[in-house]
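Observations on the three-dimensional arrangement
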Amino acid sequence: MAQGSRSSNNLVVPQATAALQQLKMEAAQELGVTIPQDGYYGNYTSRETGSLGGYITKRLVQIAEQSLSGK
C-alpha cells in the first residue's frame, strides 16, 4: 500500500512541493538510491531510506544557513 499520498506531514508553504521533490531526486541520485515510481518504500532498507532522509535534511539546513548568511 503506497503511503505517499497519505503523508501526515503538512508543508508550511504548499508551493514548495516541487522544489522538495526535486531535492529528493537530486539526493537520491547522489546517494545511488532509486525512488520508487509508485511511492512504496517497503522494499527498501532502513539504511537506504534513512540515509536519503538524513541527506535531504542536511541539504535543507545548508540552504537555510546560506539564506540566513546572505550568500
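Rules of the game
- Residues numbered from 1 in each chain as written.
- Predicted model: local features only at pLDDT ≥ 70, side-chain atom pairs only at ≥ 80, totals over all residues.
- Heavy atoms only, no water.
- UniProt positions renumbered as here; feature names shortened; annotations may be inferred.
- Helix = DSSP H or I, 4+ residues; strand = E, 2+ residues; numbered from the N terminus.
- Buried < 20%, exposed > 50% of the residue type's maximum accessible area, 1.4 Å probe, protein only.
- Contact = heavy atoms within 4.5 Å.
- Areas by Shrake-Rupley, 256 points an atom, 1.4 Å probe, with all protein chains shown as cover.
- Patch = residues over 30% accessible without salt bridge, like charges linked within 9 Å, V, L, I, M, F, W, Y side chains within 5 Å.
- Salt bridge = Lys/Arg side-chain N within 4 Å of Asp/Glu carboxyl O.
- Phe/Tyr/Trp six-rings, centres within 6.5 Å; stacked < 30°, edge-to-face > 60°.
- Core = buried A, V, L, I, M, F, W, Y, C linked by side-chain atoms within 4.5 Å.
- Polar contact = N/O pair within 3.5 Å; in protein donor to acceptor, adjacent residues only side chain to side chain.
- Axes fitted to C-alpha atoms, helices over the stretch in contact; angles between N-to-C directions.
- Parallel < 35°, antiparallel > 145°, perpendicular 65-115°, else oblique.
- Left-handed = near helix turned anticlockwise from the far one by under 90°.
- Nonpolar A, V, L, I, M, F, W, Y, C, P; charged D, E, K, R; others polar.

The protein chain carries the name Alpha/beta-type small acid-soluble spore protein in an unreviewed UniProt entry, which gives Paenibacillus amylolyticus as its organism. Listed under Function (unreviewed entry) in UniProt, the entry text for the protein chain is "SASP are bound to spore DNA. They are double-stranded DNA-binding proteins that cause DNA to change to an a-like conformation. They protect the DNA backbone from chemical and enzymatic cleavage and are thus involved in dormant spore's high resistance to UV light."

1. Some points on the overall build of the protein chain
What the protein chain contains, in helices and strands, is 2 helices and 0 strands. Counting over 71 residues, the protein chain shows a buried share of 14%. A sequence separation of at least 24 residues applies to 53% of the contacts in the protein chain between residues at least 6 apart. Summed over all atoms, the accessible surface of the protein chain reaches about 5,700 Å², with 53% contributed by carbon and sulfur.

2. Some remarks on a nonpolar patch on the surface
Nonpolar side chains collect at one region of the surface, where Leu11, Leu20, Leu60 and Ile63 lie side by side and expose about 300 Å² of accessible area between them. The residue Ile63 is located in helix H2 (residues 46-69) in this model.

3. So, the packing of aromatic side chains
What the rule picks out here adds up to 1 aromatic pair. A ring pair is formed by Tyr41 and Tyr44, whose centres lie 5.7 Å apart and whose planes are at 55°; its orientation type is tilted.

4. Topic: the nonpolar core
Among the nonpolar cores identified, the biggest contains 7 residues, and these are Leu23, Ala27, Ala28, Ile35, Leu52, Tyr55 and Ile56. If you list the elements that add at least two residues to this core, you get helix H1 (17-31) and H2.

5. Focus: the environment of Glu48
With respect to the helices, strands and loops of the structure, Glu48 is situated in helix H2. Given the relative accessible area of 31%, Glu48 is considered partly exposed. Remark: the alpha-carbon pair of Glu48 and Thr34, spanning 14 residues in sequence, is separated by 9.6 Å. A polar contact of 3.0 Å, which involves the side chain of Glu48, links it to the backbone nitrogen of Thr45.

6. Comments concerning the packing of H1 against H2
Here H1 crosses H2 at 120°, and the two axes come no closer than 9 Å. Taken together, the axis directions place H1 and H2 in an arrangement best described as oblique. Where H1 crosses over H2, the two elements pack in a sense that is right-handed. Contact residues: Leu20, Leu23, Lys24, Glu26, Ala27, Ala28, Glu30 and Leu31 in H1; Ser51, Leu52, Tyr55, Ile56, Arg59 and Leu60 in H2. Among the residues making up the contact of H1 with H2, the classes are represented as 9 nonpolar, 1 polar and 4 charged.

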